[in-house]
Amino acid sequence: MKPNFKVFFIFLSIAFLSYSCKNDDPDPVDVNECTTPITTEDNGLILTHRATTSATPANVSVLFNAHQRTGNDTLPVKDIVVDNISVFENGQPISPFESEFGILPKPNVFVSHTLLVLDLSGSVLQTSQTELKAATTSFIEEIVPVAESDEYGELEMQIMWFDGGANLNTLVSFTKDRDKLISGVESITEDLSNDNSTNLNGAVIESVDIMEGIIGQSGSIVRIGSIALFTDGTDQAGRRTKADALQAVANAQAKGITMNTIGLGGSIAESTLKAFGPDGFFFAQNVSDLGPKFKEAASIIRAEVNSTYLFQYCSPKRAGSHELKIVVNYAGGKEGSITSCFSATGFTGGCIVEGK
């Protein structure tokens with residue numbers, strides 16, 4: 001018997017129309033593809049995308065920083081709440097009444113790494129050691145939360161030093177332990193270095209290399225980074241070029257690593273340190289000014305950490321990859337948005353937003 005192709009075709013047409021009527025949402029792209037480019041828009045509120053992740057049962061998270069435009073300046077925003085945020089999947093709004101929304105506490109899901117790099121060439125150790133140790137301690141106390149605080153664990157610091165040698169030296173490895181960092185600073189002695197030269201360009205390049213190896217997502221933890229570098233002079237060692245150091249700074253900026261510099265005294269090249277510290281340059285004319293300048297730099301870095309948010313919601317999607325847009329409204333009619341994408345592979349019911 002010959003197959004009835006006409007009846008078969010009619011059956012397929014009815015099945016396709018039935019599916020189309022039930023599927024009002026735009027078709028997801030292939031499950032293994034997430035090709036939506038990350039874009040941002042700002043109307044007075046600048047959102048910097050850090051990461052978009054998804055996890056079963058149906059949790060979607062966006063890590064971002066927020067700054068507001070105020071005249072010619074931008075200031076960190078530290079008081080965004082979940083009611084400020086709207087969510088769109090494939091252009092369609094997701095209601096917070098049908099899907100849990102939350103801004104999660106950052107410890108255990110987000111860690112900010114600060115690398116403090118100190119010029120400990122012979123000239124510093126012989127003339128400014130006491131004041132530098134006190135200033136560095138105030139820097140640590142300003143940034144690293146105490147163990148009893150709710151913020152403990154969201155920031156780790158490493159302290160390294162340089163002189164005229166080819167490489168950075170580790171004083172204290174990355175840790176969230178404030179006391180361990182302070183003890184490391186107290187261990188600085190006059191005979192730590194006998195090299196009066198300064199490998200400033202090399203210190204910039206190596207510190208960026210270190211931070212580039214840390215930032216990004218590692219398992220469920222998202223890591224961001226900042227660098228603060230102190231010196232009382234200019235590059236004298238000539239091991240690396242200024243052009244290479246500036247390229248390293250540009251690479252850091254492109255990857256979201258913040259760069260701050262602190263200079264002491266009249267022998268520094270102020271324009272160079274400003275270029276090496278595009279996110280902040282702090283100048284101390286006298287050694288007695290070091291403490292306030294270190295604390296000011298630390299406050300800037302801490303404000304950046306406080307302007308970082310981990311927003312999470314429960315997606316109604318159950319398969320495929322989808323465009324995601326979050327819109328944040330802020331005081332005075334300011335608004336910013338981030339468009340990215342996420343995979344809903346394996347999504348099921350039972351999603352809750354923990355710790356919201």
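A few points on the structure. Just so it is clear, the structure is predicted and the values come from calculations on it, not from any experiment.

## As for the packing of aromatic side chains
To describe a pair of aromatic rings, you give the distance between the ring centres and the angle between the ring planes. Evaluation of the coordinates by the stated rule reveals eight aromatic pairs. The interplanar angle of 20° and the centroid separation of 6.5 Å between the aromatic rings of phenylalanine 281 and phenylalanine 283 together place this pair among those described as stacked. Overall, the relative accessible area of 19% leaves phenylalanine 281 in the buried class. A relative accessible area of 25% places phenylalanine 283 in the partly exposed class. Where phenylalanine 311 meets tyrosine 313, the ring centres are 6.1 Å apart and the plane angle is 20°; that geometry is what we call stacked. Considered together, phenylalanine 311 and tyrosine 313 belong to a single accessibility category, that of buried residues. An aromatic cluster of at least three residues, connected via ring pairs, comprises Phe101, Phe311 and Tyr313.

## Quick notes on the state of the cysteines
Evaluation of the coordinates by the stated rule reveals one disulfide. Paired through a disulfide, cysteine 314 and cysteine 351 show a sulfur-sulfur distance of 2.1 Å. Disulfide cysteine 314-cysteine 351: torsion about the S-S bond near -80°, hence left-handed. One end of the pair, cysteine 314, is in strand 15 (residues 308-314); the other, cysteine 351, is in the segment after strand 17 (334-343), and 37 residues separate them in sequence. Of the two residues, cysteine 314 and cysteine 351, neither departs from the other in class, the shared state being buried.

## A few points about the sheet that holds strand 6 (residues 92-94)
Sheet architecture is open: five strands sit in the order 1-17-16-5-6, paired in antiparallel fashion. Each edge of the sheet is formed by a strand with only one pairing partner; in this case those strands are strand 1 (39-43) and strand 6. The average angle at which neighbouring strand axes cross in this sheet is 25°, direction not considered. Bridging between strand 5 (residues 85-89) and strand 6 involves three bridges; their strand directions are antiparallel. When the sheet's bridge partners are listed, glutamate 89 is paired in strand 6 with glutamine 92.

## Re unusual backbone geometry
It is generally the case that most residues other than glycine have a negative phi and that most peptide bonds are trans. Here threonine 56 and proline 57 are connected by a cis peptide whose omega angle stands at 10°. Residue position: proline 57 is located in the loop between strand 2 (45-55) and strand 3 (59-70). Not every positive phi belongs to a glycine, and asparagine 90 is a case in point at roughly 50°. Structurally, the position occupied by asparagine 90 is in the loop between strand 5 and strand 6. Asparagine 90 sits in the buried class, given a relative accessible area of 16%.

## Focus: helix 3 (residues 129-143)
For helix 3, built from 15 residues, the straight-helix expectation of 21 Å at 1.5 Å per residue is met to within 8% by its first-to-last C-alpha distance of 21 Å. Along helix 3, the positions that sit buried rather than exposed are Gln129, Leu132, Lys133, Ala135, Thr136, Thr137, Ser138, Phe139, Ile140 and Ile143. In this fold, the buried residues of helix 3 make contact with strand 8 (110-119), helix 2 (122-127), strand 9 (155-162), helix 4 (178-186), strand 12 (221-231) and helix 8 (290-306).

## Overview of the environment of alanine 297
Its place among the elements puts alanine 297 in helix 8. Those residues within four positions of alanine 297 in sequence are excluded, and the remaining contacts are Phe139, Ile262 and Phe282.

## Some details on the packing of helix 5 (residues 200-212) against helix 6 (residues 242-254)
Between helix 5 and helix 6, the least distance of the axes is 8 Å, while the angle of their chain directions is 25°. The angle between the axes of helix 5 and helix 6 places the two elements in the roughly parallel class. Once helix 5 is placed against helix 6, the crossing between them reads as left-handed. Across from Asn201, Val204, Ile205, Val208 and Glu212 in helix 5, the residues of helix 6 making contact are Lys242, Asp244, Ala245, Ala248, Val249, Asn251 and Ala252. Looking at the contact of helix 5 with helix 6, its residues break down into seven nonpolar, two polar and three charged.

Conventions and cut-offs
- Residues numbered from 1 in each chain as written.
- Predicted model: local features only at pLDDT ≥ 70, side-chain atom pairs only at ≥ 80, totals over all residues.
- Heavy atoms only, no water.
- Phe/Tyr/Trp six-rings, centres within 6.5 Å; stacked < 30°, edge-to-face > 60°.
- Buried < 20%, exposed > 50% of the residue type's maximum accessible area, 1.4 Å probe, protein only.
- Disulfide = S-S within 2.5 Å.
- Helix = DSSP H or I, 4+ residues; strand = E, 2+ residues; numbered from the N terminus.
- Pairing = 2+ DSSP bridges.
- Axes fitted to C-alpha atoms, helices over the stretch in contact; angles between N-to-C directions.
- Expected span 1.5 Å × (residues − 1).
- Contact = heavy atoms within 4.5 Å.
- Parallel < 35°, antiparallel > 145°, perpendicular 65-115°, else oblique.
- Left-handed = near helix turned anticlockwise from the far one by under 90°.
- Nonpolar A, V, L, I, M, F, W, Y, C, P; charged D, E, K, R; others polar.

Structural measurements only, silent on function.
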